[in-house]
Amino acid sequence: MQIAFIGLGNMGAPMARNLLKAGHALTVFDLNANAVASLCEAGASRAGSAKEAAAEADVVITMLPAAVHVRRVYQADDGVLAGVRRGVPLVDCSTIDPSTVRDIAEAARAQGNPFADAPVSGGTGGAQAGTLTFMVGAEPALHERLSPVLSAMGRNVVRCGDTGTGQIAKICNNLILGISMIGVSEAMALGERLGIDAQVLAGIVNTSTGRCWSSDTYNPYPGVIETAPAARGYTGGFGAELMLKDLGLANDAARAVKQPLFLGALAQQVYQAMCQRGDAHLDFSGVIRQYRERDGGQA
Ligand code: NAD
């Protein structure tokens, strides 16, 4: 199948590589020339714009930072909608707000292109290993049509409902994740301060009722989990800035339906403080650093 892939960042690049490995022909576009060059070395063809990438495609996939980039890539004069053939399905895997999804889906449908939102979980490790979970918002027939392509990049391809529902699932999941990481950070830092060994504490939590993904797979205390970003200075992984964006999406969505998010609002402020002090580029589990600093330095 001929696929246009737009957005070759931490997630998009390994996802695109997995499509190549599965035997698909890829035309790629990104503003970052190095990212494009690296994919072309792996066998993809280069396009000069999103419009050009979409022109010959049987499917268009986008993986971009935020709603503003997604709107631009689809709706600009040199964007996907200006170049794509009628009937070709469009899939956005970025994490963005459901109302932007609905706007773009409507514009796409008006010119005869079905549109699905398919945000992912599983992080950069899952993108590389091809084990992502796709949360798909699409009519059943479109979901069925897209499943074989998405399966080349992920292990679970789950239909959440019609257009926009993939983003709802993703936003709710990351609301839990953002809050749980702060909870585990507070407990690990308190335990350390009170004098228990961090490995012992993590072992107890992970066989007790406090256990969660933030404690047993991605523990924020350095060295507890060898493969977690905490063991490599909070580099790589899921940036605090992206977690801040996702909590902003959850709080905005909640405001629109007058639903209280007490902890969601507080968690947004905690990550905002982390970004404001210069740690926006670190993995979000670096939020624990705010609890471990004392006497003017890192504990
Ligand atoms: P990233 O910033 O690493 O990559 C984004 C890419 O989009 C960059 O290469 C950038 O050059 C490109 N881009 C931006 N504007 C463009 C434009 N107008 N035209 C073409 N290319 C453009 O981001 P990422 O970590 O790959 O995340 C992408 C999305 O996936 C985000 O919405 C994020 O929230 C979500 N996500 C990320 C993770 C993670 O662990 N990193 C996990 C799940 C979901």
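Residues numbered from 1 in each chain as written. Predicted model: local features only at pLDDT ≥ 70, side-chain atom pairs only at ≥ 80, totals over all residues. Heavy atoms only, no water.

*Asks:* Please give an account of the environment of Val-136 that cites residues and values.
*Replies:* Following the sequence through the fold, Val-136 ends up in strand β8 (residues 132-137). A relative accessible area of 0% means that Val-136 is categorised as buried. Along the primary structure Val-136 and Val-120 are separated by 16 residues, whereas in three dimensions their C-alpha atoms are 8.8 Å apart. Apart from residues lying up to four places away in sequence, Val-136 is in contact with Asp-117, Ala-118, His-143, Leu-150, Val-157, Val-158, Arg-159, Cys-160, Gly-161, Thr-165 and Gly-166. (Helix = DSSP H or I, 4+ residues; strand = E, 2+ residues; numbered from the N terminus. Buried < 20%, exposed > 50% of the residue type's maximum accessible area, 1.4 Å probe, protein only. Contact = heavy atoms within 4.5 Å.)

*Asks:* Give a detailed account of the UniProt feature "domain: 6-phosphogluconate dehydrogenase NADP-binding" (unreviewed entry) in the chain, specifying residues and quantitative values.
*Replies:* The feature "domain: 6-phosphogluconate dehydrogenase NADP-binding" (unreviewed entry), as given by UniProt, occupies residues 2-161 in the numbering adopted here. Taken end to end, residues 2-161 is 44% helix and 24% strand, and its first and last C-alpha atoms sit 27 Å apart. (UniProt positions renumbered as here; feature names shortened; annotations may be inferred.)

*Asks:* An account of the nonpolar core is needed here, citing residue identities and associated values.
*Replies:* By size, the foremost hydrophobic cluster in this structure holds 35 residues, and its most contacted members are Phe-5, Met-15, Ile-61 and Phe-134. For this core, the elements supplying multiple residues, two or more each, are β1 (2-6), α1 (12-21), β2 (25-29), α2 (33-41), β4 (59-62), β8 and α8 (140-151). Leave out the neighbours within four places in its chain, and Phe-134 touches Met-15, Cys-93, Ala-118, Pro-119, Val-120, Leu-150, Met-153, Gly-154, Asn-156, Val-157 and Val-158. Grouped together as the second largest cluster of nonpolar side chains are 33 residues, Ile-171, Ala-198, Cys-275 and Leu-282 included. (Core = buried A, V, L, I, M, F, W, Y, C linked by side-chain atoms within 4.5 Å.)

*Asks:* Give me the lowdown on a nonpolar patch on the surface, citing residues and values where you can.
*Replies:* On the surface, Ile-196, Val-200 and Ile-204 cluster together into a nonpolar patch covering about 250 Å² of accessible area. Structurally, the position occupied by Val-200 is in helix α10 (residues 198-205). (Patch = residues over 30% accessible without salt bridge, like charges linked within 9 Å, V, L, I, M, F, W, Y side chains within 5 Å. Areas by Shrake-Rupley, 256 points an atom, 1.4 Å probe, with all protein chains shown as cover. Salt bridge = Lys/Arg side-chain N within 4 Å of Asp/Glu carboxyl O.)

*Asks:* Account for the UniProt feature "domain: 3-hydroxyisobutyrate dehydrogenase-like NAD-binding" (unreviewed entry) in the chain, with residues named and values stated.
*Replies:* When the UniProt feature table is mapped onto this chain, "domain: 3-hydroxyisobutyrate dehydrogenase-like NAD-binding" (unreviewed entry) is found at residues 164-290. With 62% helix and 0% strand, the stretch residues 164-290 has end C-alpha atoms that lie 35 Å from each other.

*Asks:* Describe in detail unusual backbone geometry, supporting the description with residues and values.
*Replies:* Residues other than glycine seldom take positive phi values, yet Tyr-234 does so here, at roughly 60°. Mapping Tyr-234 onto the fold places it in the loop between α11 (213-216) and α12 (240-256). The exposure class assigned to Tyr-234 is buried, which follows from its relative accessible area of 5%. Its identity is not glycine, yet Lys-258 carries a phi of approximately 55°, on the positive side. Residue placement: Lys-258 occurs in the loop between α12 and α13 (262-279).

*Asks:* With reference to specific residues and values, describe the domain arrangement of the chain.
*Replies:* Per the domain assignment, the segments of the chain are domain 1 (2-162) and domain 2 (168-290). Taking the mean C-alpha position of each, domain 1 and domain 2 sit 28 Å from one another. Tallying the contact residues gives 12 residues for domain 1 and eight residues for domain 2. Across the interface of domain 1 and domain 2, roughly 800 Å² is buried in total on both sides, 70% from carbon and sulfur atoms. (Domains from an automatic or database assignment. Buried area = accessible area lost by both parts, 1.4 Å probe.)

*Asks:* Describe in detail the packing of aromatic side chains, supporting the description with residues and values.
*Replies:* Counted according to the given criterion, the structure contains five aromatic pairs. For the pair Trp-213 and Tyr-218, a centre-to-centre distance of 4.5 Å together with 20° between the ring planes defines the contact as stacked. For Trp-213, a relative accessible area of 41% corresponds to the partly exposed category. On the basis of relative accessible area, Tyr-218 is assigned to the buried category, the value being 12%. (Phe/Tyr/Trp six-rings, centres within 6.5 Å; stacked < 30°, edge-to-face > 60°.)

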